[in-house]
Amino acid sequence: MTHETPAPDATRRNSEQVLIFDTTLRDGEQSPGASMTLEEKIEVADLLDAMGVDIIEAGFPIASEGDFEAVSAVAARVQRATVAGLARASAKDIDRCAEAVRKARSPRIHLFISTSPLHMKYKLQKEPEQVLEMITSSVTHARNLCDNIEWSAEDGTRSEIDFLCRAVERAIAAGATTINIPDTVGYAVPEEYQALFETVRARVPSSDKAIFSVHCHNDLGLAVANTLAGVRGGARQVECTINGLGERAGNAAMEEVVMALRVRGDRLAYHTGIDSTMLTRASKLVSAVSSFPVQYNKAIVGRNAFAHESGIHQDGMLKNAQTYEIMTPESVGVSKTSLVMGKHSGRHAFREKLKELGYDLGENALEDAFARFKDLADRKKIVYDEDLIALVDDEIGHAGDGIKLVALTVIAGTNGPQSAALTLDVYGEQKTHQATGNGPVDAVFNAICALVPHHAVLELYQVHAVTQGTDAQAEVSVRLAEDGKSVTAKGADPDTLVASARAYIAALNKLMVKRGKSRPAALTG
Ligand code: KIV
Ligand code: ZN
């Protein structure tokens, strides 16, 4: 029997709380190409805090200056959540991490070390006894700097159970208050993962002094199933990311875990503190800043998650929505009321529409977005929600960019060579160049390269239509790689070539931020 999505209060009765530890900004950002700027990380952290996330893992402070800055900035502004930073079992890592989370209202240091035979032998090149010593010394060191210590057994699911229990005991004895047993390589199956938690909790005498945590990767598509199994096995903290972003195939998706617990409270008597009506907004924001599109049929937040195409389904839905919907769209923040926007829509309607879509822009950003909307509405009869999302994401994502598109004229067609005349604003200076290429996109990119010399390699160029019809906006994704770092960015416009230029320029801007704050030498050419 299906139900109307239960109200949060109903799910809380007779159920235990599971803490939500979001690692979108750390494990999620480790996905190749998903890097975010400082401003983007802050925007995501604010939203995670507002939606009720208990712990925000903001980064890996020792990894780079940028990570340190991001963790410090998030720690200083987050109002409700605990802010965690990641550290290896070394004093240098721990000191840097402690410094980064210092300003948090509630700081946490998250320590990890591998405990599987494979990782200890090949990655750490340490004997098991040495690893145990490192657990004691690192947790003790961290505990002297911060009261809230999480310890993770990396590759926990491929560790020998006796050794894992000894390691957990050591970590708790040295002062860890959260014990995470990750399925680092996404290898576990649910019953096995549940049993692992049951065994460790039963065998480690001090296990009642710590909260156990799950952290699942999705290499076999089992991350959410394993997460729920771990909770059944006694874990009361779930590590997850928005949209399932994360290393390789990603981490368990927060929206799926939260809604599984909420919709199936009859089987899973646990609740979270997440305001589920903010899940769609969070998904859109993370997709925009990471430039990772959400697959159409993604559970909970995919654009088809509440779409009913077949006649039989539509008929059933019209008679009673519960025939084909196990939760309401509103319960995850998809609103049914929809103002249709067109060229006669004014500022007020535009602002209301953006609010409905989850955007609250400042005056300047709103003005800029409104001007672009008017331009779009002149060219396109109906402006759909997807058009506005693409437009606003494009606008807000690039507000502080050093390189901006000013004008582009392209000559294309059968009689080549195709050429592009491009004007850019490069750190306040207008520059123009005309380039040819093997096709119009190549010509545009060649012109950009001439105006902004760089060595980045184009790894991905992808176009998709935001809506249907030949007047649809094009959304272009571009991935650039340089010195082992890659960035992905999007650009949107009804003109595919303008969208391509915007995407390439946006990726270059991101690359600048990755290289460091200052204007790079290559740009002065
Ligand atoms: O997957 C993993 O093991 C991790 C740890 C650092 C917690 O991300
Ligand atoms: Zn991980």
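Residues numbered from 1 in each chain as written. Chains lettered and ligands numbered in written order. Predicted model: local features only at pLDDT ≥ 70, side-chain atom pairs only at ≥ 80, totals over all residues. Heavy atoms only, no water.

## Considerations on the state of the cysteines
In this structure the tally under the stated criterion is zero disulfides. Unpaired in this structure, Cys97 has its nearest cysteine sulfur neighbour in Cys146, at a distance of 8.0 Å. Relative accessible area serves as the criterion here: at 0%, Cys97 is assigned to the buried category. Of all cysteine sulfurs, the one in Cys216 lies closest to Cys165, which takes part in no disulfide; the gap is 18 Å. (Disulfide = S-S within 2.5 Å. Buried < 20%, exposed > 50% of the residue type's maximum accessible area, 1.4 Å probe, protein only.)

## Some points on helix α15 (residues 363-379)
The terminal C-alpha atoms of α15 lie 25 Å apart, and with 17 residues this matches the ideal 24 Å at 1.5 Å per residue to within 8%. Among the residues of α15, those classed as buried are Leu366, Ala369, Phe370, Arg372, Phe373, Leu376 and Ala377. (Helix = DSSP H or I, 4+ residues; strand = E, 2+ residues; numbered from the N terminus. Expected span 1.5 Å × (residues − 1).)

## Considering the nonpolar core
Counting residues in each nonpolar core, the largest one holds 93 residues, and the members touching the most others are Met51, Ile109, Trp151, Ile179 and Met254. Tallying contributions element by element places helix α8 (residues 161-174) first for this core, with eight residues. In this view, Ile109 contacts Gly85, Ala87, Ile94, Cys97, Ala98, Val101, Ala142, Cys146, Asn148, Ile149 and Glu150; residues no more than four positions away in its chain are not counted. If you look at the next biggest cluster of nonpolar residues, it comprises 32 residues, including Val444, Ile448, Val478 and Ala499. (Core = buried A, V, L, I, M, F, W, Y, C linked by side-chain atoms within 4.5 Å. Contact = heavy atoms within 4.5 Å.)

## Observations concerning the domain arrangement of the protein
Segmentation of the protein into domains returns domain 1 (14-290), domain 2 (340-396) and domain 3 (400-524). For domain 1 versus domain 2, the separation of C-alpha centres amounts to 37 Å. Listed by partner, the interface residues are four residues for domain 1 and four residues for domain 2. Across the interface of domain 1 and domain 2, roughly 360 Å² is buried in total on both sides, 60% from carbon and sulfur atoms. Broken down residue by residue, the surface that domain 1 buries against domain 2 is led by Arg281, Lys284 and Ala288, which jointly contribute 87%. There are zero salt bridges connecting domain 1 and domain 2. (Domains from an automatic or database assignment. Buried area = accessible area lost by both parts, 1.4 Å probe. Salt bridge = Lys/Arg side-chain N within 4 Å of Asp/Glu carboxyl O.)

## Examining the sheet that holds strand β15 (residues 474-482)
Spatial strand order, β14-β15-β16: three strands in an open sheet with antiparallel pairing. Strands at the two margins of the open sheet, each flanked by one partner only, are β14 (457-465) and β16 (485-493). Taken over all neighbouring pairs, the strand axes of this sheet differ in orientation by 15 degrees on average, direction set aside. Of the strands in this sheet, β14, β15 and β16 touch helix α18 (residues 496-515), which is tilted by about 145 degrees from β16. (Pairing = 2+ DSSP bridges. Axes fitted to C-alpha atoms, helices over the stretch in contact; angles between N-to-C directions.)

## Some words on the pattern of salt bridges
All told, the structure shown has 27 salt bridges when counted by the stated rule. In this structure, the salt-bridge partner of Asp67 is Lys41, at a minimum N-O distance of 3.6 Å. Remark: Lys41 occurs in helix α3 (residues 38-51) and Asp67 occurs in helix α4 (residues 65-77); sequence separation between them is 26 residues. Here Arg379 and Asp375 are joined by a salt bridge, their closest N and O atoms 3.1 Å apart. Of the two residues, Arg379 and Asp375 are both situated in helix α15; the distance of four residues between them amounts to about one turn of the helix.

## Side note on the environment of Val463
Here Val463 lies in strand β14. The class of Val463 is partly exposed, set by a relative accessible area of 40%. As a C-alpha pair, Val463 and Val224 span 239 residues in sequence and 30 Å in three-dimensional space.

## Examining the layout of surface pockets
Each pocket or cavity is described by its volume, and for the second largest pocket that value is around 620 Å³. If you go around the second largest pocket, you meet 23 residues; those closest to its centre are Lys41, Ser64, Gly66, Asp67 and Lys514. Listing elements by their share of the lining of the second largest pocket, those giving two or more residues are α2 (24-28), α3, α4 and α18. A domain-level breakdown of the lining of the second largest pocket finds at least three residues from each of domain 1 (14-290) and domain 3 (400-524). (1 Å grid on protein atoms, 1.4 Å probe; cavity = no way out; pocket = protein on both sides within 12 Å on 5 of 7 lines; lining within 4 Å. Points joined across faces, edges and corners; volume = space filled by probe spheres on them.)

## Focus: the sheet that holds strand β13 (residues 429-437)
The strand order across the open sheet formed by three strands is β11-β12-β13, and the pairing between neighbours is antiparallel. Of all strands in the sheet, those bounded by a partner on one side alone are β11 (403-411) and β13. Sheet twist, expressed as the mean angle between neighbouring strand axes with direction ignored, is 15 degrees. As paired elements, β11 and strand β12 (residues 418-426) share eight bridges and run antiparallel to each other. If you follow Leu405 over to β12, its bridge partner there is Leu424. Sitting on the sheet, helix α17 (residues 440-451) is in contact with β11, β12 and β13, with an inclination near 140 degrees to β13. Strand contacts of α18: β11 and β12, with the helix running at about 150 degrees to β11, the strand carrying the most contacts.

## Things to note about the side chain of His271
Here His271 shows up in strand β10 (residues 270-271). By relative accessible area, which is 10% here, His271 ends up buried. Of the polar contacts made by the side chain of His271, one reaches the side chain of Ser15; its length is 2.6 Å. (Polar contact = N/O pair within 3.5 Å; in protein donor to acceptor, adjacent residues only side chain to side chain.)

## So, the site of ligand 1
Taken together, Arg26, Asp27, His110, Phe112, Ser152, Glu154, Asn180, Pro182, Thr184, His215 and His217 form the complete shell of residues around ligand 1. Take Arg26: an N or O atom from its side chain is 2.9 Å from an oxygen atom of ligand 1. The side chain of His215 places a nitrogen or oxygen atom 3.1 Å from an oxygen atom of ligand 1. Out of a free accessible area of 260 Å², ligand 1 has 94% covered by protein chains. (Near = heavy atom within 4 Å. Areas by Shrake-Rupley, 256 points an atom, 1.4 Å probe, with all protein chains shown as cover.)

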